[in-house]
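Close look at the chain arrangement
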Amino acid sequence: MSRGHAAVESLRIAFAALRANPARGVLTTLGIIIGIVAVSTTMTAANGLANNFRENVSVLGTDVLYVSRMPWIHSGPFFELRNRPRLTLKDSDKLERSLRSAVAVNPTAETRRPVKVQSETIDGIQIIGTTDKQMLVSSAVPEIGRFFTEFDVQTRRRVCVIGSTLHEQLYHGRDPVNKELRIGRDTFRVIGVMEKQGSAGFFGGPDFDSQVLVPITTFSKIFGGRYRDFNLAVKAPAGADLADFEYELVGEMRKIRRLEPGADDNFAINKMDSLLDAFNNVMGTLLLIGMSVTGISLFVGGVGVMNIMFVSVTERTREIGIRKAIGAKRRAILQQFLFEAAAICLVGGAIGVALSFLTAALIDRLLMPASVSPVIVGIALGVSVVVGLIAGLIPAWRASRLNPIEALRYE
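Here we summarise the structure given alongside this text. (Residues numbered from 1 in each chain as written. Predicted model: local features only at pLDDT ≥ 70, side-chain atom pairs only at ≥ 80, totals over all residues. Heavy atoms only, no water.)

This part is about the nonpolar core. One finds V115, I127, I162, L181, I183 and V212 to be the most contacted residues of the largest nonpolar core, which totals 32 residues. Among the elements of the structure, β2 (104-117), β3 (120-130), β5 (159-162), α7 (164-171), β6 (180-183), β7 (186-194), β8 (211-215) and α8 (216-223) are those that each provide at least two residues to this core. Looking at which element gives the most residues to this core, the answer is β7, with 5 residues. Judged by nonpolar contacts, the second largest core, of 24 residues, contains I36, I320, I333 and F337. (Core = buried A, V, L, I, M, F, W, Y, C linked by side-chain atoms within 4.5 Å. Buried < 20%, exposed > 50% of the residue type's maximum accessible area, 1.4 Å probe, protein only. Helix = DSSP H or I, 4+ residues; strand = E, 2+ residues; numbered from the N terminus.)

Written out as structure tokens, the structure reads:
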């Protein structure tokens, strides 16, 4: 008999043994099912969260550098960072004049205020002061209406653009253009609704769909700009080396801040890569924890399979003796029980994958976009088979080493 035929025969015998003891098989595979559900769900959630995060922060732009008083990810003594001088609109004007290679320099500031439409009020909404250059530094565009013009900014018009979530909450899908919106005690006219952008809230970042954007000049007049932090979004020219552009930006900012040679920067240059690096570090830690818990579950499941295989070997000792007496080799016996252990775990893995589709559907419905990819299915089933082979190795080796004469005498 060829090796291929022997493998097929071993699989046939393994599944026949499973059908002979279905209750035992189900109980045995329970630990494997839980482990595979954990593996698949962890990988699905991690993959969904990563894709969702990268998609949402892509609005920040890979070719945009953000100048601020403090870094997005704090890496130094907080009080030293806190004592840095604030960035101002004058700094933005100076940078725009001196950094001629920049496509745009866009100042922004933020505050939180209640917003109201008729009897509908939402507290704590993020109000962003910005300029018409926002359209150059961000990939997001208005879905309804328009964005600010330079004229809106220069004349301090009380106009605003709202996020898609606020559009639904305050106007319930109706066209809000030219409708009034109260921000705090002041009335603005809505001129546009931004397309859906998502959130960078994984690190406490903004929910872009729940923002109200107003001209920076209007913002400074109404909400005050003297003691407020401004941030500068600086877009690099097309095809420029971002590292070289950052070096040039740092040099110009040091001149504007009148820093002596050798003095530390009293400002921070932030970019999307820093958020992605921090996100990857956090996700790596979460995955390590998740896989550790999953590993424990699979270990427990593997021990259960090993115990059942020892019981199976004991119950079928006489069968093993008969097979050896008629010429079955040790390798065939070893292969049969290894395949049986792998088959048990494969069935558990298949059930676990099926349950994982249900958990992925719940995650997709309640939290974020998520789906079980073919890669995850392949990894889950592969892990199941490997666990089965490891768990069945010792019982299979013991079965293959049985003395046929003593096995035939076993009752």
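Past the structure itself, the notes keep going.
Moving on: the packing of aromatic side chains. As enumerated under the stated definition, the model contains 2 aromatic pairs in all. The interplanar angle of 40° and the centroid separation of 4.4 Å between the aromatic rings of F147 and F148 together place this pair among those described as tilted. (Phe/Tyr/Trp six-rings, centres within 6.5 Å; stacked < 30°, edge-to-face > 60°.)

Take unusual backbone geometry next. In this structure, R156 takes a positive phi of about 55° despite not being glycine. Structurally, R156 can be placed in the loop between α6 (150-154) and β5. Residues other than glycine seldom take positive phi values, yet N178 does so here, at roughly 70°. You can see N178 is positioned in the loop between α7 and β6.

The subject of this paragraph is a positive patch on the surface. On the surface, K90, K94, R97 and R258 cluster together to form a positively charged patch. Inspection of the secondary structure assignment puts K90 in helix α4 (residues 89-98). Classification of K90 by relative accessible area gives exposed; the value is 63%. (Patch = residues over 30% accessible without salt bridge, like charges linked within 9 Å, V, L, I, M, F, W, Y side chains within 5 Å. Areas by Shrake-Rupley, 256 points an atom, 1.4 Å probe, with all protein chains shown as cover. Salt bridge = Lys/Arg side-chain N within 4 Å of Asp/Glu carboxyl O. Lys, Arg positive; Asp, Glu negative; His and termini not counted. Charge placed at Lys NZ, Arg CZ, Asp CG, Glu CD.)

This next bit is on the pattern of salt bridges. Opposite charge on two side chains allows them to pair when their charged atoms are near. This structure, assessed with the given rule, holds 12 salt bridges. Ionic pairing is found between K235 and D63, a salt bridge with its closest N-O pair at 2.8 Å. Within this pair, whereas K235 is found in strand β9 (residues 231-235), its partner D63 is found in the loop between α2 (22-57) and β1 (64-68), the two being separated by 172 residues in sequence. For D63, a relative accessible area of 27% corresponds to the partly exposed category. Across the salt bridge formed by E252 and K255, the nearest N and O atoms sit 3.8 Å from each other. You can see E252 and its partner K255 sitting in helix α9 (residues 242-256), 3 residues apart, about one turn around the helix. Three or more residues are tied together by salt bridges with common partners; here these are R69, R86 and D229.

All buried positions along α7 are accounted for by S164, L166, H167, L170 and Y171. End-on, the buried residues of α7 take up no more than an arc of 155°, which puts them together on one face. H172, located one to two residues past α7, shows a positive phi value of around 55°. (Arc of directions from axis to C-beta.)

So, on to the packing of helix α10 (residues 272-315) against helix α12 (residues 330-366). Viewed as axis vectors pointing N to C, α10 and α12 meet at an angle of 135°, and their least axial separation amounts to 11 Å. The orientation of α10 relative to α12 falls into the category oblique. For α10 against α12, the interelement crossing comes out right-handed. In this structure, α10 contributes V305, M309, S312 and V313 to the contact, and α12 contributes F337, E340, A341, I344 and C345. Of the residues assigned to the contact of α10 with α12, the class counts are 7 nonpolar, 1 polar and 1 charged. (Axes fitted to C-alpha atoms, helices over the stretch in contact; angles between N-to-C directions. Parallel < 35°, antiparallel > 145°, perpendicular 65-115°, else oblique. Left-handed = near helix turned anticlockwise from the far one by under 90°. Contact = heavy atoms within 4.5 Å. Nonpolar A, V, L, I, M, F, W, Y, C, P; charged D, E, K, R; others polar.)

On to the environment of P237. One can find P237 in the loop between β9 and α9. Distance from P237 to A104, taken between C-alpha atoms, is 8.9 Å for residues 133 residues apart in sequence. Those residues within four positions of P237 in sequence are excluded, and the remaining contacts are S101, V103 and F245.

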